[in-house]
Amino acid sequence: MIPLIIALITFSDYPLHKLLYSLVVSILAMIACIILIPRLKHYTEKADIFGIDLNKPGEKSSKPRIPEAAGIITSIVFLIACTQIEAKLEYSSGLLAITFMILLGFVDDTVDLRWKYKLILPLVTSVPLITSYQGVTHIVLPIPFRPIFGKTLELGILYKVYMSMIAIFCSNSINIHAGINGLEVGQSIVIASAIMIHNILEINLGLSEHIVQNHVFSLTIILPFLFTSLALFKFNK
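Just so you know, the residues in each chain are numbered from 1, in the order the chain's sequence is written. Only residues with pLDDT of at least 70 are given local features in this predicted model, and only at 80 or more are side-chain atom pairs given and counted; all residues enter the totals for whole chains, interfaces and linings. Hydrogen atoms and water are omitted, and side-chain values are computed over all heavy atoms in the structure.

We now examine the confidence of the model for the chain. A score between 0 and 100, pLDDT records how confident the predictor is in each residue. When pLDDT is averaged along the chain, the result is 79, and 84% of the positions lie at 70 or above. For the chain, the element scoring lowest by mean pLDDT is helix α1 (residues 2-11), at 55; strand β4 (residues 152-154) scores highest, at 88. In this text, helices come from DSSP runs of H or I with a minimum length of four residues, and strands from runs of E with a minimum of two, each type numbered from the N-terminal end.

Before going further, it helps to spend a moment on a nonpolar patch on the surface. Exposure above 30% relative accessible area and the absence of a salt bridge qualify a residue for a patch, where like charges join within 9 Å and nonpolar side chains (Val, Leu, Ile, Met, Phe, Trp, Tyr) within 5 Å. Every accessible area reported is derived by Shrake-Rupley at a probe size of 1.4 Å, with residue values counting cover from the shown protein chains alone. Salt bridges are defined as contacts in which a side-chain nitrogen from Lys or Arg sits within 4 Å of a carboxyl oxygen from Asp or Glu. On the surface, Leu20, Val24, Leu28, Ile31, Ile35, Leu36, Leu40 and Tyr43 cluster together to form a nonpolar patch covering roughly 690 Å² of accessible area. Take Ile31: it is sitting in helix α2 (residues 17-46).

Nonpolar core, defined: a set of buried Ala, Val, Leu, Ile, Met, Phe, Trp, Tyr and Cys residues in which side-chain atoms within 4.5 Å join the residues together. Each residue's exposure class comes from its accessible area (1.4 Å probe, protein chains only) as a fraction of the maximum for that residue type: buried when under 20%, exposed when over 50%, partly exposed otherwise. Of all hydrophobic cores here, the largest spans 26 residues; its most connected members are Met196, Ile203 and Leu219. Sort the elements by how many residues they give to this core and helix α10 (residues 209-236) lands first, with nine residues. Residues Phe78, Leu79, Cys82 and Ile102 belong to the second largest nonpolar core, which totals five residues.

This brings us to the packing of helix α8 (residues 158-175) against helix α9 (residues 183-205). Between two packed helices, both the angle of their axes relative to each other and the distance between the axes serve to describe the pair. What counts as an axis is a line fitted to C-alpha atoms, over the stretch in contact for a helix, and the angles between N-to-C directions run from 0 to 180 degrees. As a packed pair, α8 and α9 sit with axes 8 Å apart at the nearest point and diverge in direction by 130°. Taken together, the axis directions place α8 and α9 in an arrangement best described as oblique. In this structure, α8 contributes Ser173, Ile174 and Asn175 to the contact, and α9 contributes Glu184, Gln187, Ser188 and Ile191. Amino acid classes used here: Ala, Val, Leu, Ile, Met, Phe, Trp, Tyr, Cys and Pro are nonpolar; Asp, Glu, Lys and Arg are charged; the rest, including Gly, are polar. Taken together, the residues of the contact of α8 with α9 sort by class into two nonpolar, four polar and one charged. Put simply, angles under 35 degrees are roughly parallel, angles over 145 are roughly antiparallel, angles from 65 to 115 are roughly perpendicular, and the rest are oblique. In what follows, a contact means two residues having at least one pair of non-hydrogen atoms within 4.5 Å.

The next thing to look at is the side chain of Thr228. Looking at the element boundaries, Thr228 is found in helix α10. Residue classification places Thr228 among the buried positions, given a relative accessible area of 3%. Definition of a polar contact: a pair of N or O atoms within 3.5 Å, with one able to donate and the other able to accept a hydrogen when the atoms are protein atoms, and with sequence-neighbouring residues admitted only if both atoms are side-chain atoms. Reaching out from Thr228, the side chain makes a polar contact with the backbone oxygen of Phe225 at a distance of 3.1 Å. Discounting chain neighbours no more than four positions away, the residues touching Thr228 are Ala29, Cys33, Thr74, Val77 and Phe78.

Here it is, written out as structure tokens:
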């Protein structure tokens, strides 16, 4: 993974030194998480925020207690890392939306929110990102539909509705697997890796400077997320 990013930075025709800085910050964030999680996770257990590891063999009474809400540690480190990388309006609005989602996740761990609230609240948390979005409002259609509708379909204001629905779907599709060891953060790692590879491929194609900068922007967010998730996965298996 790291050699792939370094090769991209070295051989690309575009100035991508920001990615090298992002990579360094992401590695430091991962190290910070590996150090902090074992030292701080016991505080959630002392506050009676824990679960029983049902995936381990033996009687339920003898199975180990697992501190919950440890993800708040990696989330805070992730946010700190992101603030050191970029300061665009869209970036800051995205981080604000992420902060709201982190708060929602922590509240869910502590008070066990009902599902109807989990469907509504992600819509509210996505508002800062949606209101500040200034990008394109069209989608690229699958090849079978292009003879009818063309290569792209302009959605206009419906694109922001689409974005809000994506926020609801993504948050709940990840959260629903939280009870299985390593699966929640594991699928986050898989998705983040796929996004990272896609960004790298698009940057290498270099279709236009605008497209390259958009994918560089995406990488600066996904790198700290990926590395902090890897740290959490180490303790979540």
